[in-house]
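Read off the chains here:
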Amino acid sequence: MSTTMTDQPDPPSSAPESAPAAGRRPGPVDWWRTFLGWPRAARIASYVAVGIVLVLVAATITGVVLVRRPFPQTSGSLEIPGLKSDVRVVRDDHGIPQLYGSSLDDLMRAQGYVHAQERFFEMDVRRHATAGRLAEMFGKPALESDEMVRTMGWRRVAEQELALIKPETRAALEAYADGVNAYLDTHSPSQIAVEYSVLNAGGLDYHPEHWTAVDSLSWLKAMAWDLRGNMTDEIDRVLALAHHSAAQVQELYPPYPYAEHAPIVGQGAVVDGVFDQAATPGATRNPQRPAYTAGERQALGRLRAGIARMPTLIGRGDGIGSNSWVVDGQHSATGAPLLANDPHLDASLPGVWMQMGLHCTTITASCPLDVAGFSFSGVPGVVIGHNADIAWGFTNLGPDVSDLYLERIVGDRWRYDGKLLPLRTRTETIKVDGGDDVKLTIRSTKHGPLLSDVSDQVADVGEQAKVPGRPDGERYAVALEWTALHPAPTADAILELDTATDWDSFRAAAADFAVPAQNLVYADTQGHIGYQAPGRIPIRKSGNDGYLPVAGWRPENDWTGDYVPFAGLPNELDPREGFIVTANQAVIGPDYPYRLTEDWDQGYRSQRIRDRIGREGRLSVDQMADLQLDDRNPMGPVLTPYLLDVNLPKGYYSDGQRLLRGWDFSEPADSAAAAYFNVVWSNLLRLTFHDDLPEELWPDGGDRWFAVVSHLLENPADSWWDDSRTSTVETRDDILAEAMIAARDELTTREDVDPSEWSWGHLHRLELEQQALGKSGIGPVEWLVNRGDWGPRRRQCGGRRDLVGRLRGLLGHLRPVDADGGLARQPRRLPLDQPDRCLRASLRLPLHRPDRPVGQGRDPALGVQPVGRRRRCSRHADAEAGPGRQQRWLRRQQRWLRCERQRASKPSTRAAESPEQADARGGGGGEDPAVVLLGRGRRGRPRRHRAARR
């Protein structure tokens, strides 16, 4: 077929005007005429559809513009007021900026500008948090945090510190603030951060204030607060003493195992106030005190609740702490020292650290910087890193730098040494977005501010418990004495570390690092390695060991006003063994004359690192990195032998136990054994301690609980094993069996009926939520600012996947625990009459045991409950989507279930056994089987579990 083209016009058409001419493509007018001929309803529907599309397109474009608008400029040039010469900002493939300038002032100014480009909203929230002004941005929900921070006076202390720091540090802070403000002056709120667009869309009408040097100094208080040490441990010990003896409480807070886990410094002592790593040790003291009254416990308990509601800025809990180690040339494959640092603070969005470098183009006395590493947005300089001569790393030392004092208050006075002294008071006003201003009266004793005044939003301390045997007007309050509330020039230390060139200048910088006290590891290009413990650590009078809150009315409980001298703090240079490991373990042995703390990390991580360094010989950089990723569970080799000795019913319940027989105690993401072990561990802690301890003291599963349970495992009849809620006396093996049975049920619900399909990585999911807006409850806002969830993704079929735990350093433990003792979950139960919702799921009967009511922890009305399977829904589920076929399949499944229950109810062929033995193995003494499960085969036929085929 061919087509002839010509220039002649088309002949006239006799067709109606409404129809396009034959052989001519319809034009816009023709389409419009056709559309007008449609029914009215169809035309209206089309208008609506087009309108929706246009709105969606406009919203998408607007959203993209709003999100991308605040992105930092990464190419070209910018004019920044105050720069004396050009500063070059070079970013690598990961976006990490390296700054090159010719003067210190220019580099600080440029660092402030770059920090503001990438992190200003985070900086702004931080400064509001540290100034007690969050309610100005986020309203009444932030009021309690503001009251607590205002009471402690973080910003007031930072203002005093500004007068203490060196002139060159102050100049750096001012130049940094000028750089931040140069960015703010040239950008509107919507250009600074998408969060400001969201807040202003909600009616806040917010414009950021200029940055100041005090804003930078205040952030150091937030660091100190989250790394403050044993403040809540002091309260917890008092609360635990309410219903337990001192010996029982001591079991919950075991001493550091020096014989098993080496401290950081293994040699040396203090001689004439100076630590000498070649000297021999001295002695320590151990004071005693009377029991605590109900009134004292009530005041402390209310304070603990208030502290728990304070927002975290860098993280808290057993998971924060960090690892670091340094090896000398004899242990390094390079022949030179290697230093590794893993500051595993809480996962947050954005992260706490911002990586960058600061480089003077020519190194001179006036411009000495050539440093790279990790900075805090809002603070000038590099906090952890290396320069041309040295490298250094931080881990939390965790000394006891705070004490809680129980005070006896009478009106506006407090009792001390038999006298009534006036309370110091001040009044502050907190502005609240969307609400009235709040007047806050802050009261203090010589021991510090009365935190109990604002704990649990109690404005009048008279509502606290009365003092037994005292006048009616006398009440308890709790004051905080804390080194961070005493001004110190910590900011000097950051720039001094950045410019240190050898061991002596490094130690001089460390001497200024007051709070938070950190373990500092060191290496230099001359081949030296070292360790230094810095920080202000108080010396207490003989009546106070810092282990428990003390009576503020007794002068013998005061601090002396002196601190452990820096020269007396543990340190070592080029130790004999050729490496140094710090992972929050004890710094030095128990004979050290100054008290640092008793609440060390138990040393599982540090000893693991030491053992691997000792085995590896000479370590390469890759081996150092591999060691940072070590995933061995330190509780695995301790607990697993006991779990393997437990006699479980064969089949379904022993499936998980069999996984442990070949387990090497490592926890890779695809490990089924690790998933089972950690769920058992969570249940073990719940069954052992929840009946004996108040909820705020329930175990978090960290290293202290490793030590506690390790000791209890050796005492099978210890009273902690007994469940006080039952009439029988449980022993260790009863609890272990129950924990394993519950773990099997948990993992079947969460993961799969087949244990080989379980995955530790699938249980370890991470939800990155922005603290400010990430929990707003507004779906689009949360979608915009949050980044979750991180972890292996599985198609859900009949059950919801919840976050079980977070990976915390080398420790694997689970959280949280729900009210009835299981891992927190919200299973989505699917109705059996909706096959189109992927009903290809395992079926489970409710657990029925003589010692537990039917349906405890489950819905007793749900006889057959679908539980989640991780496998994707196959074509067989779709093929059986018809109601008739699906119902026939369900009837076959239910008939099989009835048959299995009848079989299980027949007399057992087991040898005669006691009811207790039958209960321990989960048989139920002739009752219904604990759990019967079945699924579907790949071809759609019923598939019986091996336990049901016996």
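Quick caveat: nothing in here was measured; it's all calculated off a predicted structure.

A. Geometry of the state of the cysteines. Applying the stated criterion across every chain, the model contains 1 disulfide. Each sulfur in the disulfide pair Cys360 and Cys367 lies 1.9 Å from the other. Given an S-S torsion of about -90 degrees, the disulfide between Cys360 and Cys367 has left-handed geometry. The two residues Cys360 and Cys367 agree in class, both being buried.

B. Representation of the packing of helix α16 (residues 604-616) against helix α17 (residues 621-628). Interhelical geometry of α16 versus α17 gives an angle of 155 degrees and a closest axis separation of 11 Å. It follows from the interaxial angle that α16 and α17 lie roughly antiparallel. Here α16 runs over α17; the crossing is right-handed. Contacts between α16 and α17 involve Ile609, Arg612, Ile613 and Glu616 from the first element and Gln623, Asp626 and Leu627 from the second. Partitioned by chemical class, the residues of the contact of α16 with α17 number 3 nonpolar, 1 polar and 3 charged.

C. Inspection of the nonpolar core at higher detail. Formed by 132 residues in total, the largest nonpolar core has its most connected members in Trp482 and Phe689. Sort the elements by how many residues they give to this core and helix α20 (residues 672-689) lands first, with 13 residues. The contact partners of Trp482, leaving out residues within four places of it in the chain, are Met152, Trp154, Lys221, Ala224, Trp225, Arg228, Val401, Ser402 and Trp559. Core analysis: the second largest hydrophobic core is formed by 29 residues, Met123, Ile192, Ala193 and Trp211 among them.

D. Structural context of empty space enclosed by the protein. According to the stated counting rule, one finds 10 cavities of 30 Å³ or more in the structure shown. Looking at the largest cavity, its volume works out to about 200 Å³. Looking at the lining of the largest cavity, its residues break down into 7 nonpolar, 4 polar and 2 charged.

E. Spotlight on the pairing of strand β5 (residues 323-327). The element β5 is extensively covered by neighbouring structure, given that 5 of its 5 residues are classed as buried. Side chains of β5 alternate between two faces, with Asn323, Trp325 and Val327 and Ser324 and Val326 buried alike. Relative to strand β6 (residues 338-342), β5 runs antiparallel, the two being bridged by 5 bridges. Bridging from a neighbouring strand, Trp325 pairs with Ala340 of β6. When β5 meets strand β24 (residues 579-582), the two strands line up antiparallel, connected through 4 bridges. Looking at β24, one finds that Val326 is bridged to Ile580.

F. Molecular detail of the pattern of salt bridges. Within the structure shown, the criterion is met by 37 salt bridges. Among the ionic pairs, Glu161 bridges to Lys221, the shortest N-O distance being 2.6 Å. Residue Glu161 is located in helix α6 (residues 154-161), and its partner Lys221 is located in helix α10 (residues 213-226); the two are separated by 60 residues in the primary sequence. A relative accessible area of 3% places Glu161 in the buried class. Accessibility expressed as a relative area gives 1% for Lys221, which makes it buried. Put simply, Asp124, Arg127, Arg155, Glu159 and Asp215 are held in one network by salt bridges that share partners.

G. Summary view of the packing of helix α3 (residues 104-130) against helix α7 (residues 167-185). Between α3 and α7, whose axes approach to 7 Å, the crossing angle comes to 55 degrees. Judged on the interaxial angle alone, α7 and α3 are oblique. The handedness of the crossing between α3 and α7 comes out as right-handed. Counted together, Asp105, Met108, Arg109, Gln111, Gly112, Tyr113, His115, Ala116, Gln117, Phe120 and Met123 of α3 and Ala172, Ala175, Tyr176, Asp178, Gly179, Val180, Ala182, Tyr183 and Leu184 of α7 form the full contact between these two elements.

H. Seen up close, helix α14 (residues 490-499). Counting buried positions along α14 yields 9 of 10 residues, so the element is predominantly enclosed. Within α14, burial applies to Thr490, Ala491, Asp492, Ala493, Ile494, Leu495, Glu496, Leu497 and Asp498. Summarising the contacts, the buried residues of α14 are in contact with α3, α7, α10, β8 (370-376), β10 (390-396) and α15 (503-510).

I. Highlighting unusual backbone geometry. Of note, the bond from Leu349 into Pro350 is cis; its omega dihedral lies within 30 degrees of zero at -5 degrees. Mapped onto the secondary structure, Pro350 falls in the loop between β6 and β7 (353-360). The backbone of Asp574 sits at a positive phi, close to 50 degrees, despite the residue not being glycine. Among the structural elements, Asp574 can be located in the loop between β23 (571-573) and β24. Assessed through its relative accessible area of 34%, Asp574 is described here as partly exposed.

J. Structural context of the sheet that holds β24. With antiparallel pairing, 3 strands are arranged side by side in an open sheet as β6-β5-β24. The open sheet terminates on both sides in strands that have one partner only, identified here as β6 and β24. Each strand of the sheet is rotated relative to its neighbour by a mean of 0 degrees, with strand direction disregarded. Packing of α16 onto the sheet brings it into contact with β5 and β24, and relative to β24 it is tilted by some 155 degrees. Lying on the sheet, α17 is in contact with β5 and β6; it crosses β6 at an angle near 25 degrees.

K. Highlighting the environment of Val125. Here Val125 shows up in helix α3. Excluding residues within four positions of it along the chain, Val125 makes contact with Leu134, Met137, Phe138 and Ala772.

L. Region of the structure containing the confidence of the model for the protein. Confidence in the prediction of the protein, expressed as mean pLDDT, is 78, and 72% of residues score 70 or more. Strand β19 (residues 529-532) holds the highest mean pLDDT among the elements of the protein, 98, whereas strand β27 (residues 842-844) holds the lowest, 29. Contacts for the low-pLDDT stretch residues 282-289, under 50 throughout, to residues beyond four places or in other chains number 21 contacts. The model gives residues 793-883 a pLDDT under 50, and that stretch makes 244 contacts with residues more than four places away or in other chains.

Procedures and definitions
- Position numbers for residues start from 1 in each chain and track the written sequence from start to end.
- Note on the predicted model: pLDDT of at least 70 is required for a residue's local features to be given, and 80 or more for side-chain atom pairs to be given and counted; whole-chain, interface and lining totals, by contrast, use all residues.
- Side-chain descriptors were evaluated using all non-hydrogen atoms of the structure, hydrogens and water having been removed beforehand.
- Two cysteine sulfurs form a disulfide in these notes if their separation is within 2.5 Å.
- Think of it in three bands: with a 1.4 Å probe and only protein chains considered, a residue is buried below 20% of the maximum accessible area for its type, exposed above 50%, and partly exposed in between.
- In this description, a line fitted to the C-alpha atoms serves as the axis of each element, helices being fitted only across the stretch in contact, and the angle between N-to-C directions of two axes falls anywhere from 0 to 180 degrees.
- Secondary structure elements are defined from DSSP: runs of H or I of at least 4 residues count as helices, runs of E of at least 2 residues count as strands, and each element is numbered from the N terminus.
- The cut-offs work like this: below 35 degrees is roughly parallel, past 145 is roughly antiparallel, 65 to 115 is roughly perpendicular, and the gaps in between are oblique.
- By the definition used in this description, the sense in which the near helix is turned from the far one sets the handedness, with an anticlockwise turn below a right angle giving left-handed and a clockwise turn giving right-handed.
- By definition in these notes, contact holds between two residues if any of their heavy atoms fall within 4.5 Å.
- Polar here means any residue other than Ala, Val, Leu, Ile, Met, Phe, Trp, Tyr, Cys and Pro, which are nonpolar, and Asp, Glu, Lys and Arg, which are charged; Gly is therefore polar.
- Think of a nonpolar core as a cluster: buried Ala, Val, Leu, Ile, Met, Phe, Trp, Tyr and Cys residues, connected wherever their side-chain atoms sit within 4.5 Å.
- Grid points spaced at 1 Å and placed over the protein atoms alone form the basis of the search, with a cavity being a set where a 1.4 Å probe fits but cannot get out and a pocket an open set showing protein on both sides within 12 Å along at least five of seven lines. Lining residues have an atom within 4 Å of a point.
- Grid points are joined across faces, edges and corners, and a volume is the space filled by probe spheres set on the points.
- At least two DSSP bridges between two strands are needed for those strands to be called paired.
- Definition used for salt bridges: Asp or Glu carboxyl oxygen within 4 Å of a side-chain nitrogen of Lys or Arg.
- Known as pLDDT, the predictor's per-residue confidence is scaled from 0 to 100.

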